[in-house]
Structure formats: structure tokens, C-alpha cells
Amino acid sequence: MKVLVPVKRVVDYNVKVRVKSDGTGVDVANVKMSMNPFDEIAVEEATRLKEAGKATEVVAVSCGVTQCQETLRTAMAIGADRGILVETDAELQPLAVAKLLKALADKEQPQLIILGKQAIDDDCNQTGQMLAALLGWPQATFASKVTIDNGKATVTREVDGGLETVALTLPAVVTTDLRLNEPRYVTLPNIMKAKKKPLEVVKPADLGVDVAPRLKTLKVSEPPKRSAGIKVPDVATLVTKLRNEAKVI
Ligand code: AMP
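Before going into details, it helps to say that this report is about the structure given with it. Residue numbers run consecutively from 1 along every chain, following the written order of its sequence. Totals for whole chains, interfaces and linings use every residue, but because this is a predicted model, local features are given only for residues with pLDDT of at least 70 and side-chain atom pairs only at 80 or more, for both listing and counting. Note that the side-chain values use all heavy atoms of the structure and ignore hydrogens as well as water.

The next point concerns the sheet that holds strand E10 (residues 172-176). Read from one edge of the open sheet, 9 strands run E9-E8-E7-E10-E6-E1-E4-E5-E11, paired in mixed fashion. Looking at which strands have only one partner, the edges of the open sheet turn out to be strand E9 (162-169) and strand E11 (199-202). For this sheet, the mean inter-axis angle between neighbouring strands, taken without regard to orientation, is 30°. Note on contacts: a residue pair qualifies if any of its non-hydrogen atoms lie within 4.5 Å across the two residues. Every angle, taken between N-to-C directions, lies between 0 and 180 degrees, and every axis is a line fitted to C-alpha atoms, over only the stretch in contact when it is a helix. Note on conventions: DSSP H or I runs of at least 4 residues are helices, E runs of at least 2 residues are strands, and numbering of each starts at the N terminus. Here helix H4 (residues 127-135) sits on the sheet in contact with strand E6 (112-116), strand E7 (139-149) and E10, set at roughly 155° to E6. Note on pairing: two strands pair once DSSP finds at least 2 bridges between them.

Any Lys or Arg side-chain nitrogen found within 4 Å of a carboxyl oxygen on Asp or Glu counts as a salt bridge. For the coordinates displayed, the defined rule picks out 19 salt bridges. Counted as one network, the salt bridges with shared partners bring together Lys2, Glu57, Arg82 and Glu108.

All right, on to the site of the ligand then. Note on terminology: near, applied to a residue and a molecule or strand, indicates that one of the residue's heavy atoms is within 4 Å of it. The environment of the ligand is made up of 18 residues, and the closest members are Asp39, Cys63, Ala119, Asn125 and Thr127. The contact in question runs from an oxygen atom of the ligand to an N or O atom on the backbone of Pro6, over 2.9 Å. Residues adjacent in sequence count toward polar contacts only when both atoms are side-chain atoms; beyond that, a polar contact is any pair of N or O atoms within 3.5 Å, and within protein one must be able to donate a hydrogen and the other to accept it. At 2.8 Å, a backbone N or O of Gln126 approaches an oxygen atom of the ligand. The Shrake-Rupley method, run with a 1.4 Å probe sphere, supplies the accessible areas, and residue values consider only the shown protein chains as cover. For the ligand, whose unbound accessible area comes to 480 Å², protein coverage reaches 98%.

It is worth spelling out a nonpolar patch on the surface at this point. Residues enter a patch when their relative accessible area is above 30% and they make no salt bridge; the linking distance is 9 Å between like charges and 5 Å between nonpolar side chains (Val, Leu, Ile, Met, Phe, Trp, Tyr). Together, Val17, Val26 and Val28 give the surface a local cluster of nonpolar side chains, amounting to about 210 Å² of exposed area. Relative to the assigned elements, Val26 resides in the loop between strand E2 (9-11) and strand E3 (33-35).

For the rest of this paragraph, the subject is the packing of helix H3 (residues 94-108) against H4. Axis separation between H3 and H4 bottoms out at 8 Å; the angle between their running directions is 45°. Considering the angle they form, H3 stands oblique to H4. Note on packing geometry: the crossing formed by H3 with H4 is right-handed. On H4, the residues touching Pro94, Leu95, Val97, Ala98, Lys99, Leu101, Lys102, Ala105 and Asp106 of H3 are Thr127, Met130, Leu131, Leu134 and Leu135. As a working rule, the residues Ala, Val, Leu, Ile, Met, Phe, Trp, Tyr, Cys and Pro are called nonpolar, Asp, Glu, Lys and Arg charged, and the rest polar, with Gly in that last group. Looking at side-chain class alone, the contact of H3 with H4 contains 10 nonpolar, 1 polar and 3 charged residues. Note that the term roughly parallel is reserved for angles under 35 degrees, roughly antiparallel for angles over 145, roughly perpendicular for angles of 65 to 115, and oblique for everything else. Less than a right angle of anticlockwise turn of the near helix away from the far helix marks a crossing as left-handed, whereas a clockwise turn marks it as right-handed.

Looking along the chain, the bond that leaves Leu170 and enters Pro171 is cis, with omega of 0°. In this structure, Asn30 is a non-glycine residue whose phi angle is positive, near 55°. Inspection of the secondary structure puts Asn30 in the loop between E2 and E3. With a phi close to 55°, Asn125 is a non-glycine residue in the positive phi region. Here Asn125 lies in the loop between E6 and H4. Any residue under 20% of the maximum accessible area for its type is buried, any over 50% is exposed, and the rest in between are partly exposed; the area is computed with a 1.4 Å probe on protein chains only. Looking at Asn125, the relative accessible area reads 24%, which means it is partly exposed.

Pasting the structure below:
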């Protein structure tokens, strides 16, 4: 079973992002970039499936600028066997990424595609769902447990107020939630080994995909600053303030 794992290069989760002064987007100049944390969980899960003898090959894919090669090397240091970069400087929206991944899935014929549930930069939570729709494959989003047996995937999903378990026939699309696993620490020997793993570079045109954005961002702004909290001397004052000032009771 071949597993395809799309990995996105995003602003590192420790960086406090700043909105550009002209309100056109987020400033990414000279900012530390890393693999989207949900995608690390996806690579870890695919690697564990390989180690358990359920998967035969793990292929990591990234769509974006040349530097996404670093993200692919990290995926290979975790355990992916090879990487594919769909190289472009164009702004990529989820539908464009889903189309690129569909074209790669047609070519690579994986039995399972594991994506992150969302990218922490745009918080879209769309690519996996769009990809499943384009492929016509079953999907299980927000996975907290994945078991593969006899051509079927059994996936526990994190849903509002509890867990849901679904059975899917492969090939299928799964998206990862935070509790699926804890990605391993990437060791130096594995970083060195990853440098020797194959990394193929293709362009969107090679896959016959038009990646032109379909949505226009009108404005990006900082969330309003929170005002400082206060301490109240007793419950009676708290209730009065909630009733008369906050007007929530
Ligand atoms: P999103 O729909 O943008 O929140 O992204 C959900 C998931 O789709 C991510 O966690 C990745 O697995 C995948 N993805 C999104 N954009 C890219 C990209 N440019 N390259 C590779 N994978 C991506």
C-alpha cells in the first residue's frame, strides 16, 4: 500500500505573525518557516503504518516555492521514502492544491492519502475534503485513530461532543487531528539519510493544472486588542458587573 502525504510549508507555530501595513496579508519576510504541525502528524502516521508492515511506500508532496524542498527533507527525515515538489511561486489556494494532488494521485495511485486537517497559516480546512471530492474517494476527517486491515480503514474521528468511528474502503482520504499521534523527534542521522532520498520536482503545467486563484483576499487585519482584566472583591460585585456592565446575565 502506497501512502501519499501532502506537507505544507507554513510560518512556524512559535512565531507571532504580523499583518502587513497595507493590510494585504501576513508578513512572511525573514520569518521562520516549518512544516504544518498537522502534516507532521500525518507523516508520523504514514511512517508508523510502514513500520507496522501495512504500508510499502510513503511519498511526501509539497506544493509551493523552491524552499518547500526543506519541508520535504523533514518529512523524509521522519520516515517518508521520497518527495515530490510541485514547484510554483504562484499563490496557491486549497482548490488549486487539491487539483494538483488529484493529478499526482492519478499518477502515483496511492491507496491512502493522509493530510493535515488544516494548515495553521490560512486555517482553511478545505484541501482534504476537496481532494476526496475530486477523486470520488471516501474521506474521514479529524482522525484520532487509524487502523488499516484487509483493504479497509477504520478511523476514529473527533467530533463535537465525542468520537465517531467510520469504516472506509480504500483508496481513501484521511485528515489528521492533534491526538492521532505524537510525532517523533527528528534525529541528526535521519536528517543526513534524508538528504540522499529521491526528490522529484515538477511544475503545475506538467500536471495540466491551472492554479490561478479563484478567491480574492479583500483585507487582512489584526484581531482587536483585548482590554486588561480586573479583580472584583466579592461575588455580589461580580454579578452586578456581569448584569449591568457586560450585560451577559
Ligand atoms: P488547508 O485546507 O489549507 O487548511 O490545508 C489542509 C491540508 O492540506 C494541510 O494540512 C496539508 O496536508 C495539505 N496542504 C495544503 N496546502 C498544501 C501545499 N501547498 N502543499 C502540500 N500540502 C498542502
